[in-house]
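Examining the three-dimensional arrangement
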Amino acid sequence: MSAKYSFSLTSEDRQRADLPRKILIAQHDTETIAHVTLKLLAFLIFWRPRLQIESNLHQDDIPFIPDLVQLDYTLQPALWVECGECSVAKLDKLAVKCHDAEIWVVKRSPAAAEHLWAAMKKAELRRDRYQLLALDAEMFEEVCGLVQARNEVTLFACEFDSPKLQFDFNGLWFDAEFQVLRF
């Protein structure tokens with residue numbers, strides 16, 4: 001592990017009023033600050049009770065560690081979120097191993113999401129199984145440049161109907177749309 005980042009969270013969004021007060025995200029040796037930022041933004045977007053960051057499932061039949069996961073009451077994944085780079089082969093295995101889970105991949109830009117979508121189509125992955133979320137590229141790059149060891153985040157809105165994300169990050173206001181691609 002090369003670094004840990006602390007994020008103090010508050011929420012003005014009624015749907016996410018119960019955000020935890022603080023989360024820690026570890027940056028592993030092979031990860032960039034962009035990966036840490038993707039995990040933070042995905043955590044805000046997908047927040048729900050029992051959402052965990054990089055939780056080892058301790059299940060022999062699922063040999064992966066998700067960036068974010070929510071387990072159901074039988075300790076099976078109900079939500080699985082991959083952030084950034086994710087191979088098509090891994091996604092194919094996840095659809096089989098986590099057959100009841102919503103599977104999401106969060107990408108830093110629409111171009112990155114479209115590239116993955118095309119690779120999934122070429123590999124003939126099963127349809128109606130995956131969702132890709134593409135963040136606004138400029139917003140994402142700016143947030144990456146602001147990440148410090150200790151950070152303050154206030155979430156104001158996150159909506160999927162007309163996809164948008166509004167938050168304050170270390171004193172700067174962000175209001176950006178995101179895109180959802182279904183595969």
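Each remark here, short or long, concerns the structure printed above.
Below, the structure is looked at part by part.

What counts and what doesn't
- Counting from 1, residues in each chain are numbered in the order their sequence is written.
- At least 70 in pLDDT is required for a residue's local features to be given in this predicted model, at least 80 for side-chain atom pairs to be given and counted, and no such filter applies to totals for whole chains, interfaces and linings, which use all residues.
- Working from all heavy atoms in the structure, the side-chain values ignore hydrogens and water.
- At least two bridges found by DSSP between two strands are what make those strands a pair.
- Labels follow the DSSP assignment, with helices taken as runs of H or I lasting at least four residues and strands as runs of E lasting at least two, numbered in each case from the N terminus.
- Without a salt bridge and with relative accessible area above 30%, a residue can belong to a patch; like charges are then joined within 9 Å and nonpolar side chains (Val, Leu, Ile, Met, Phe, Trp, Tyr) within 5 Å.
- In these tables, accessible area is a Shrake-Rupley quantity obtained with a 1.4 Å probe, and a residue counts as shielded only by the protein chains included in the view.
- Salt bridge, as used here: a side-chain nitrogen of Lys or Arg that lies within 4 Å of a carboxyl oxygen of Asp or Glu.
- Only four residue types enter the charge count, namely Lys and Arg as positive and Asp and Glu as negative; His and the chain termini do not.
- By convention, charge coordinates are those of NZ in Lys, CZ in Arg, CG in Asp, or CD in Glu.
- Classification of residues uses two cut-offs on accessible area relative to the type maximum, computed with a 1.4 Å probe and protein chains only: under 20% is buried, over 50% is exposed, and between them is partly exposed.
- When we speak of the arc, we mean the arc of directions from the helix axis to the C-beta atoms.
- By definition in these notes, contact holds between two residues if any of their heavy atoms fall within 4.5 Å.
- Each polar contact in these results corresponds to two N or O atoms within 3.5 Å; when the atoms are within protein, one needs to be able to donate a hydrogen and the other to accept it, and residues that are neighboring in sequence are counted only if both atoms are side-chain atoms.

Next up on the list: the pairing of strand β8 (residues 150-159). Judged from the 6 bridges that link them, strand β1 (residues 3-11) and β8 form a sheet pairing that is parallel. Its bridge partner lying in β8, S11 is registered against L155. The pairing of β8 with strand β9 (residues 164-169) spans 6 bridges and is classified as antiparallel. Following the sheet pairing, C158 is matched in β9 by L165. Following β8, the chain reverses through 4 residues before pairing antiparallel with β9.

Right, let's talk about a negative patch on the surface for a bit. A contiguous patch of negative charge on the surface is contributed by D136, E138, E142, D175 and E177. Looking at the negative patch, the elements with two or more residues in it are α4 (137-146) and β10 (172-177). Among the secondary structure elements, E138 is positioned in helix α4. Judged by its relative accessible area of 68%, E138 falls in the exposed class.

Once that is clear, we can look at α4. All of the buried residues along α4 are M139, F140, V143 and C144. Relative to the axis of α4, the buried residues are bounded by an arc of 135° and lie together on one face. Seen from the open side of α4, the exposed residues pointing more than 90 degrees away from its buried face are E138 and G145. Where α4 is buried, its residues meet α1 (33-46), β9 and β10. Of the residues flanking the start of α4, the one acting as N-cap is D136, its side-chain oxygen 3.4 Å from the backbone nitrogen of E138.

Remember that the coordinates give geometry; whether it matters functionally is a separate question.
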